[in-house]
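What the coordinates show
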Amino acid sequence: MKKKICILGSTGSIGTQALDVIQQHDDLYEAYVLTAYNNADLLIQQARRFQPEAVVIAKESNYPIVKEAMADLPIKVYTGAEALCQVVQDDNVDIVLASMVGFAGLEPTIAAIKAKKAIALANKETLVVAGDLITRLANEHQVPILPVDSEHSAIFQCIEPGNKIDKILLTCSGGPFRHFTKEQLAHVTKDDALAHPTWNMGAKITIDSATLMNKGFEVIEAKWLFGVTPDKIQVVVHPQSVIHSAVQFEDGAVKAQLGVPDMRLPIQYAFSYPRRLPLSGDRLDLFKLKDLTFEQPDTNRFRCLSLAYESIRQGGNMPCIVNAANEVANRAFIEDKIGFERIADIIEDTMVHVDHTLDSTLSTYLATDREARRYASTLL
């Protein structure tokens, strides 16, 4: 019987690649629910191609467009944030691919966990914002959380049940500015930042990669996924993006996962775990590799990484504060309202001025997110 998959964020980079995986293995998987926030045109194209049971367009003003386009098909059409939380609970859904961007993915993921759905997690902000809550709920409802981020999928593929992790080596391309001086960073533009050297991602994640905040979020995500303390997670700049991450064990052995930069592989592995399936595409050719190089990240030039480490050391709602401030600053940079280096300034200032608490309830995270966004917006 086919596994029925609900894709939260089907029009984004992860969602579109997930549909390619489903298409390659249409004897095993079915795109059962597709959702998008704003991209009605692409959602309509996907729905007509994959014939899901239902679609959700979260932006309510786009509902009439999608509804009319689906009028000749037996596809249910819903709208609004609440609908996202409802469709993941459908009895027929087997796997929820959480690939929405940002804080918006938190509540639908919680709803899916409570409905005992397997979670293929691409929305790292869910664990950044509410890692303690999410892991407790996953344990309580006995729900697997299967990582889709390439680095966390690599770690997942390397770990050995029963053998203790001594250190996680979390690789990082370094982004487009790894050789820039502070003076040069003061003058970079959004177009410069969106030109990622190795990965094809959405705008928000690409900017986060340029500031290294994306890597900071991945440190926090790794802490919750693999039960290690932040001091056991070492970020390693590896510009070639061939080693996707590695694990060092107590005896000193290091196991790494290598491959070409193709997000379809971790998506497919999350769907098929513990099986491996054929996947079309390029293959890693070791004979064509000239160099594999490694550097320490410079947290003086890229302060967002150190701010992320500091937030998880403080714990509680501090990572939630950092995420909210980063979303505000990231969007402001994309809209040409602030310069590149102001992103870290806004996050750091917000960390100081928004109340810190160790409470880990959903209501606390929702209130923290609202207050941090409000304060960060005053700094633009």
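All figures in this text were calculated on a predicted structure; none of them were measured in a lab.

**Comments concerning the overall build of the protein chain**
Counting secondary structure elements, the protein chain contains 16 helices and 11 strands. For 380 residues, the compact-globule estimate of 2.2 N^0.38 gives 21 Å, and the protein chain sits close to it at 20 Å. Its C-alpha atoms give the protein chain principal-axis dimensions of about 55 × 50 × 40 Å. Burial analysis of the protein chain (380 residues in total) assigns 55% to the buried set. Look at the contacts in the protein chain between residues 6 or more apart in sequence, and 68% of them connect residues 24 or more apart. With the model as given, the accessible surface of the protein chain reaches about 16700 Å², and the carbon-plus-sulfur share is 50%. Counting 38 positive and 48 negative side-chain charges, the protein chain places the centres of these two groups 2 Å from one another.

**Remarks on the pattern of salt bridges**
Enumeration over the complete set of coordinates arrives at 25 salt bridges. Residues E341 and K182 are paired through a salt bridge, measuring 3.6 Å at the closest nitrogen-oxygen approach. Placement of E341 in the loop between α14 (318–334) and α15 (342–353) and of K182 in helix α8 (residues 182–185) is noted, with a sequence separation of 159 residues between them. Note on K182: relative accessible area 40%, which makes it partly exposed. A salt bridge links E371 to R374; its shortest N-O distance comes to 2.8 Å. Here E371 and its partner R374 are both found in helix α16 (residues 362–377), 3 residues apart, which amounts to about one turn of the helix. We classify E371 as partly exposed; its relative accessible area is 32%. Three or more residues are tied together by salt bridges with common partners; here these are R303, R342, D345 and E348.

**Some thoughts on the sheet that holds strand β8 (residues 165–172)**
Reading across the sheet, the 4 strands line up as β9-β8-β10-β11 and stay open at both edges, with mixed pairing between neighbours. Either end of the sheet is taken by a strand with one partner, and the two such strands are β9 (233–237) and β11 (254–258). Mean inter-strand twist for the sheet, computed between neighbouring axes without regard to direction, equals 20°. Sheet contacts for helix α7 (residues 150–158): β8, β10 (243–249) and β11; angle to β10, the most-contacted strand, approximately 40°. Of the strands in this sheet, β8 and β9 touch helix α11 (residues 213–226), which is tilted by about 150° from β8.

**Looking at the packing of α14 against α15**
Put simply, α14 and α15 touch, their axes get as near as 9 Å, and they point 150° apart. The crossing of α14 and α15 is right-handed. Each of M318, I321, V322, A325, N326, A329 and F333 in α14 lies in contact with α15, whose residues at this interface are I343, I346, I347, T350 and M351. Looking at side-chain class alone, the contact of α14 with α15 contains 10 nonpolar, 2 polar and no charged residues.

**Section: the pairing of strand β5 (residues 95–98)**
The two faces of β5 match: I95 and L97 on one face and V96 and A98 on the other face are all buried. By the bridge criterion, 4 bridges tie strand β1 (residues 3–8) to β5 in an arrangement that is parallel. Within β5, the residue paired with I7 across the bridge is L97. Pairing of β5 with strand β6 (residues 118–121), which is carried by 4 bridges, proceeds in the parallel orientation. Bridging from a neighbouring strand, I95 pairs with A118 of β6. With helix α5 (residues 106–114) bridging β5 and the parallel β6, this β-α-β connection has right-handed handedness.

**Details of unusual backbone geometry**
Trans peptide bonds make up most of the peptide bonds, and negative phi angles are found at most residues other than glycine. With omega at 5°, the peptide bond leading from Y273 into P274 counts as cis. Inspection of the secondary structure puts P274 in the loop between α12 (264–272) and α13 (303–314). Phi angles above zero are rare outside glycine, and Q142 is one such case at about 55°. For Q142, the position within the fold is in the loop between α6 (125–141) and β7 (145–147).

**As for the nonpolar core**
If you look at the biggest cluster of nonpolar residues, it comprises 91 residues, and the most contacted ones within it are V66, V148, I168, F271 and I347. Of all the elements, α14 adds the most residues to this core, at 10 residues. Setting aside its immediate chain neighbours within four residues, V66 contacts A40, L43, I44, V55, I57 and V77. One finds V93, V96, L106 and I113 within the second-largest nonpolar core, a separate group that totals 32 residues.

**Things to note about the packing of α15 against α16**
Between α15 and α16, the least distance of the axes is 10 Å, while the angle of their chain directions is 125°. Considering the angle they form, α15 stands oblique to α16. Crossing of α15 against α16: the hand is right-handed. Packed against α15, whose contacting residues are I346, D349, T350 and H353, the element α16 presents A372, Y375 and A376 at the interface. Residues belonging to the contact of α15 with α16 are distributed by class as follows: 4 nonpolar, 2 polar and 1 charged.

Criteria and cut-off values
Residues numbered from 1 in each chain as written. Predicted model: local features only at pLDDT ≥ 70, side-chain atom pairs only at ≥ 80, totals over all residues. Heavy atoms only, no water. Helix = DSSP H or I, 4+ residues; strand = E, 2+ residues; numbered from the N terminus. Rg over C-alpha atoms; globule rule 2.2 N^0.38 Å. Buried < 20%, exposed > 50% of the residue type's maximum accessible area, 1.4 Å probe, protein only. Contact = heavy atoms within 4.5 Å. Areas by Shrake-Rupley, 256 points an atom, 1.4 Å probe, with all protein chains shown as cover. Lys, Arg positive; Asp, Glu negative; His and termini not counted. Charge placed at Lys NZ, Arg CZ, Asp CG, Glu CD. Salt bridge = Lys/Arg side-chain N within 4 Å of Asp/Glu carboxyl O. Pairing = 2+ DSSP bridges. Axes fitted to C-alpha atoms, helices over the stretch in contact; angles between N-to-C directions. Left-handed = near helix turned anticlockwise from the far one by under 90°. Nonpolar A, V, L, I, M, F, W, Y, C, P; charged D, E, K, R; others polar. Right-handed = clockwise from strand over helix to strand, strands pointing away. Core = buried A, V, L, I, M, F, W, Y, C linked by side-chain atoms within 4.5 Å. Parallel < 35°, antiparallel > 145°, perpendicular 65-115°, else oblique.

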